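Descriptive analysis of the structure
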Amino acid sequence: MSDHHITPLRTYLVIASCLFFLSGVTVWVSYIDLGSFNIVLAMFVATVKASLVAFFFMHLLWDDKKNLVLFLMSLMFFGIFVVITMIDTEFRGALGFNPETKEPITKRAPFYAQLPLTDTHGYPVDSHDDIHHGDDDHH
Amino acid sequence: MIENVKQNYLTHPKGIMSWLLTLDHKRIGLMYLVSGILFFFMGGLLALGMRLELAAPGNDFISSEQYNNIYTLHGAIMIFLFIIPAIPGALGNILLPLMVGAKDVAFPRLNLASFYIYSFGALFALYTIVNGGVDTGWTFYTPYSTQSSSNVVPMTLGIFIIGFSSILTGLNFIATVHKMRIPGLTWYKLPLFVWALYGTSLVQITATPVLAITMVLLMLERFLGIGIFDPALGGDPVLYQHFFWFYSHPAVYIMILPAFGIISEIIPVHSRKKIWGYKFIAYSTLSIAFIGFLVWGHHMFTSGQSVFSQIVFSFITYFVGIPTGVKIFSWILTMYKGQVSFTPPMIYALSFLFLFTIGGLTGIFLGAVALDIHLHDTYFVVAHFHYVMQGGTIVAFLGGLHHWWPKSFGTMYNQTIANICAFGVFLGFNGTFFPQFLLGLRGMPRRYATYSEQFVELHSYSTFWSGILGFSIFFAIVNLFWSFMKRNKVDPGSNPWGGMSLEWTHTSSPPHPHNFETDPVFEHGPYDYDKVIVEKTYKK
Ligand code: HEM
Ligand SMILES: [Cu+2]
């Protein structure tokens, strides 16, 4: 409480110019096509900038360390949100670990062989290319 | 023991302005209480309207469009205007500073600001109602919510604003717990209600911003056509559900943790026994708060999310059961060999144990992917969340009101009426919602205004008991306010139940405007029934 840290003006100016420089970096990299890495980079730069603001302008660096813990917690919760959501978006459509869905069982019961041939069934699947399985269109 | 003195916070500064501009946490709490209960009644009437429509198939008491509006408003009002803001806002505000021995919360002005922000948000909700309602369901799922011509914008704006009130209240409570405790009142000597409010506050400040972001993204898409959730614009509709439930699953803990705290106070006091497993209860609060952030996908098992995340979410969901079970068993063990008295608060607490256990266990059923694919969006889910939210949170809230009523307002309500109403709530609640489990298992979908013949028996049964439930809650609350309106001058004394935490032992009823006439000195823990004898000041 009592000993307030006084930051020299110089530090503020240096940090401010870092922020301007990093804004420039954000704009610059947006013109380069890095694929999905673009967003990662943009978020990284933004996080660095926010941290600079928090640490220097908002005095987090000299503050009670409990506040630092809170700051890190917010990053952690953000991380949880993004990472777990990506468990969905990155695996969407993949049918998971069930071996049966990776190699669908294509054998049919023996009595199919005795049935007369029709449009909808009758071809023994084993001897025929499996053309109607839509399950794996995302692979 | 302190004699009841004339000067108290209810009468001390007089005049309407002294209320509107008050910085006293107790007055702010009372204002939250009154507005919360008004919204509770409003939501309750909407619910009874739905039950009337569902009393028989093909009823045309209201149109299907009106039905859609009514269930949406019912859910949104109950959750966003009553349960989330009003319970920490009312009981938390009134009690937290008293329990830690402080004169007020850490930031009294901010506290008043929270209340006004809440009221401002509530105006938007009222506008929505007057302007014809909203029909998306309280979850506002895209793509419908970006297309619906009903009042999605005012309602979500209202929720956005109320969210800030939650965040500021949370912040205030955290600072209060850290900074305002009297010397000697260490973390492990805090009443468990304080721990519960602390856990709730942590969830409020970490989860609520995401709700705000979600509502903003929804409006960006609606107004600016920025593709966030709409696949035609390059968005992802399931992403909306991730955003929404990343807030709203933790929000169910915002709703239940204060209730856990209330039960942890009622049971030891009315059993006159030291709480069993103090640290277990305290830490289970924190672990529930944390695990609550990792399970949101269990609301999305049929949304088309990846199978991998279904497995992960299902797996983590089971872990919620562990700290929850720890609490339930600790409460039961607290009563074991205690002197249990069946006062109204205790009857509510016992009802809570039954109802919340059923609600929590059916939650675990729903957490199993294979089962949830069948039960999702059926009445089984409706029954589950009413067992936890009404049977859990609201029953605990009623119990808490009865427990702290004599403290907060200095009058004792009629105990016989209170007991009858408490039984009525228990019976009416089970009669209303147990049949809904059966309906859900048989395939009755939720959010439908009518249904096929085979469901009529269970539905009409549910409607009948919902009337009993409605009456019981109504009269329970009228009974409380009746005593407040000075019709009943029974003086409960400063410590009617023989509680041991500071609000019982060191303040008068109702408390002094500055809470304590002299600085409170910490003498014994909140549950030291094995060490100190505290007399009850009220005998029936
Ligand atoms: C033991 C802990 C709990 C577990 C494992 C659990 C699990 C679940 C699951 C899996 C669902 C999704 C069902 C579906 O939509 O198919 C669900 C729905 C819900 N739960 Fe729980 N739950 C628990 C406790 C709670 C508590 C304490 C509350 C609130 C106080 C709550 C409120 C809700 C609500 C409001 C919904 C329905 C949301 C909607 O779709 O409108 N749950 N729960
Ligand atoms: Cu959930």
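Higher on the page you've got the structure.
What comes next concerns the included structure. (Residues numbered from 1 in each chain as written. Chains lettered and ligands numbered in written order. Predicted model: local features only at pLDDT ≥ 70, side-chain atom pairs only at ≥ 80, totals over all residues. Heavy atoms only, no water.)

**Some details on the overall build of chain A**
Keep this limit in mind: Secondary structure follows DSSP: runs of H or I at least 4 residues long count as helices, runs of E at least 2 residues long count as strands, and numbering of each begins at the N terminus. Here the term buried applies to any residue with accessible area under 20% of the maximum for its type, exposed to any over 50%, and partly exposed to those in between, with areas from a 1.4 Å probe on protein chains only. By definition, residues are in contact when any of their heavy atoms lie within 4.5 Å. Exposure was quantified through the Shrake-Rupley algorithm and a 1.4 Å probe, taking into account, for residues, occlusion by the shown protein chains and nothing else.
When helices and strands are tallied, chain A shows five helices and zero strands. In chain A, the succession of helices and strands from N to C terminus is α-α-α-α-α. Scored against the burial criterion, the 139 residues of chain A give a buried share of 16%. For chain A, long-range pairs separated by at least 24 residues make up 45% of all intrachain contacts whose partners lie at least 6 apart in sequence. A total of about 10700 Å² of accessible surface is found on chain A, and carbon and sulfur atoms cover 68% of it.

**With respect to the site of ligand 1**
Residues and elements named next belong to chain B. Rules: Here a residue is near a molecule or strand as soon as one of its heavy atoms is found within 4 Å of it. Pairs of N or O atoms are called polar contacts if they sit within 3.5 Å, as long as, within protein, a hydrogen donor faces a hydrogen acceptor (for residues adjacent in sequence, only side-chain-to-side-chain pairs). Lining residues are those with an atom within 4 Å of a point, where the points come from a 1 Å grid over the protein atoms alone and group into cavities, where a 1.4 Å probe fits but cannot get out, or pockets, open sets with protein on both sides within 12 Å along at least five of seven lines. For this analysis, a molecule is said to be in a pocket or cavity if more than half of its atoms are within 2 Å of the grid points defining it.
Near ligand 1 lie 22 residues; those nearest to it are Trp 138, Asp 372, His 376, His 384 and Arg 446. The side chain of Asp 372 places a nitrogen or oxygen atom 2.5 Å from an oxygen atom of ligand 1. Most atoms of ligand 1, that is more than half of them, are within 2 Å of grid points of the second largest pocket. At the level of secondary structure, the elements contributing two or more residues to the shell around ligand 1 comprise helix 8 (237–271), helix 10 (307–335), helix 11 (344–367) and helix 13 (379–409). The dominant element in the shell around ligand 1, judged by the number of residues it contributes, is helix 11, at six residues.

**Some details on the interface of chain B and chain A**
Rule in force here: Throughout, the accessible surface (probe 1.4 Å) given up by two parts as they are put together, summed over both, is called the buried area. Any Lys or Arg side-chain nitrogen located within 4 Å of an Asp or Glu carboxyl oxygen qualifies as a salt bridge.
Chain B puts 19 residues into the contact, and the matching count from chain A is 16 residues. Taken together, the two surfaces of chain B and chain A that pack against each other cover about 1700 Å², and 81% of this comes from carbon and sulfur. There are one salt bridge connecting chain B and chain A. Note that Asp 236 of chain B and Arg 92 of chain A form a salt bridge whose closest N and O atoms lie 3.1 Å from each other.

**Observations concerning a nonpolar patch on the surface**
Residues and elements named next belong to chain A. Inclusion rule: Each patch is built from residues that are more than 30% exposed by relative accessible area and take part in no salt bridge. Like charges join if they lie within 9 Å; nonpolar side chains (Val, Leu, Ile, Met, Phe, Trp, Tyr) join within 5 Å.
Side chains of Val 27, Trp 28, Tyr 31, Ile 32, Leu 34, Phe 37, Ile 39, Val 40, Met 43, Phe 78, Val 82 and Met 86 sit close together on the surface and give an oily, nonpolar patch of about 1200 Å² of accessible area. Listing elements by their share of the nonpolar patch, those giving two or more residues are helix 1 (9–30), helix 2 (37–57) and helix 3 (65–89). Per element, the largest residue contribution to the nonpolar patch is four residues, and it comes from helix 2.

**Concerning empty space enclosed by the protein**
All names here are of chain B. Note the cut-off: Grid points are joined across faces, edges and corners, and a volume is the space filled by probe spheres set on the points. Put simply, Ala, Val, Leu, Ile, Met, Phe, Trp, Tyr, Cys and Pro go in the nonpolar bin, Asp, Glu, Lys and Arg in the charged bin, and everything else, Gly too, in the polar bin.
Using the criterion set out here, one finds four cavities of 30 Å³ or more in the structure. In this structure, the largest cavity spans a volume of roughly 80 Å³. Together, 15 residues line the largest cavity, and Met 500, Ser 501, Leu 502, Phe 522 and His 524 are the ones closest to its centre. Considering only residue class, the lining of the largest cavity consists of eight nonpolar, five polar and two charged.

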